[in-house]
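Inside the fold
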Amino acid sequence: MHLMVVGGAGYIGSHTVRQLLGAGHRVTVLDNLSSGHREALPGEVALIVADLLDPPALRAALQSAQPDAVIHFAALIEVSESMRSPGRYYQNNVTGSLNLFQAIVDTRKVPIVFSSTAAVYGEAGAAPIPEDAAKAPTSSYGHSKLMVEQILRDFGVAHGLPYTVLRYFNVCGAAPDHTIGEDHPNKTHLIELALLTALGQRQKMFVNGTDYPTPDGSCVRDYVHVMDLADAHVLAIQALVGGAASAQAYNVGLGHGFSVRQVLDAVDEVVGTPLTREEGPRRPGDPPSLVADPGKIMAELKFAPRFTDLGEIVKTAWDWHRTHPHGFES
Ligand code: UFG
């Protein structure tokens, strides 16, 4: 099948493109390249440079590419930045997604897989978190994604638009052949920052908050490997196009969490030297713990993560960063 991958030049998008091609699909990427990289895409992939805030460009792209389905990744993704610039987050993530869905309804009513996030749960109270847990985002980022889920529900009812929502937990790692990996303009993710610190690009790591109600006082997250997440997209879009029920949401995580301190310990072990570590204040918008209950995606879509060992996950990220110390510009 022919997939349009919106935001396909980004971190998760580019790994998904690779897995889609491996599964025998054809791919067109639509990306504004604000944070994505042309170099992250194989030569056989057509790239349309367009912005979600440009509805005529979206309609033209859908009409020219004629995809059978769309996977929508494009978004701003930083929890802390969203607390400082909520307007940008609502504009990009909500208005941009709305424009895309409207363009799909207006041109080719094809199935959509949408990138949502564990941040929609906020301080869920449950651990592990099932899909029907209360939604109480603690950040504008989380709210923006939850709003898009609502828009999809309404478009599903009103226009019969088939869709699946994937709620990612903390995505990390890189393709094991280390040809593509994480390279955001602003570095905020824990593992990426720690590995850049190991490369000497930063002096030390801060543990953001040590007084959370967690076993060691630092935040707990469920770290899922980007290749496993990419496979989840292949499974989800194939199922949806194959006639599986629409309007489903799935958590994508491993089902167990690691604290910030445990992740930094794993990084120390993989890189072979302890990083300088300092305890810092809490980061606004961070919930104490986010751990998936991935039972639904495992049962219904046969999601079977291959990277379950934190050290192995960190190792794939380390191989990418040490061979590309300045990302795609290296
Ligand atoms: N952290 C530190 N020190 C750092 C960087 C991060 O202690 O230098 C902490 C954060 O405060 C947080 C944890 O490490 O407690 C994880 O932070 P990340 O920035 O790596 O990831 P987030 O949990 O904030 O967010 C990520 C994605 C979101 C997604 C969320 C789902 O960026 O898009 O996971 O859990 F919604």
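Residues numbered from 1 in each chain as written. Predicted model: local features only at pLDDT ≥ 70, side-chain atom pairs only at ≥ 80, totals over all residues. Heavy atoms only, no water.

This part covers the side chain of His225. One can find His225 in strand β10 (residues 223-225). Within the structure, His225 has its side chain in polar contact with the backbone oxygen of Ala174 (distance 3.3 Å). In contact with His225, other than residues within four places in its own chain, are Cys172, Gly173, Ala174, Phe307, Ile313 and Thr316. (Helix = DSSP H or I, 4+ residues; strand = E, 2+ residues; numbered from the N terminus. Polar contact = N/O pair within 3.5 Å; in protein donor to acceptor, adjacent residues only side chain to side chain. Contact = heavy atoms within 4.5 Å.)

Now for the site of the ligand. Lining the immediate surroundings of the ligand are 24 residues, of which Thr117, Asn170, His189, Arg283 and Asp286 lie closest. With respect to the ligand, the side chain of Arg283 contributes an N or O atom lying 2.5 Å from an oxygen atom. Compared with its free state, where it exposes 690 Å², the ligand has 93% of that area covered by protein. Of all the elements in the fold, those that place two or more residues in the shell around the ligand are α6 (190-198) and β8 (205-208). For the shell around the ligand, the leading source of residues is β8, giving four residues. Here the residues of the shell around the ligand are counted per class, giving 16 nonpolar, five polar and three charged. (Near = heavy atom within 4 Å. Areas by Shrake-Rupley, 256 points an atom, 1.4 Å probe, with all protein chains shown as cover. Nonpolar A, V, L, I, M, F, W, Y, C, P; charged D, E, K, R; others polar.)

Now for the environment of Ala127. Within the fold, Ala127 resides in the loop between β5 (112-117) and α5 (140-159). On the basis of relative accessible area, Ala127 is assigned to the exposed category, the value being 62%. Considered as a pair, Ala127 and His256 are 129 residues apart in the sequence and their alpha carbons are 9.1 Å apart. (Buried < 20%, exposed > 50% of the residue type's maximum accessible area, 1.4 Å probe, protein only.)

When the domains of the chain are assigned, the result is domain 1 (2-171 + 223-252) and domain 2 (173-221 + 255-329). Computed over C-alpha atoms, the centres of domain 1 and domain 2 are 22 Å apart. At the interface, 44 residues of domain 1 touch 44 residues of domain 2. Buried surface at the junction of domain 1 and domain 2, summed over both partners, amounts to about 3,800 Å²; 62% is from carbon and sulfur atoms. (Domains from an automatic or database assignment. Buried area = accessible area lost by both parts, 1.4 Å probe.)

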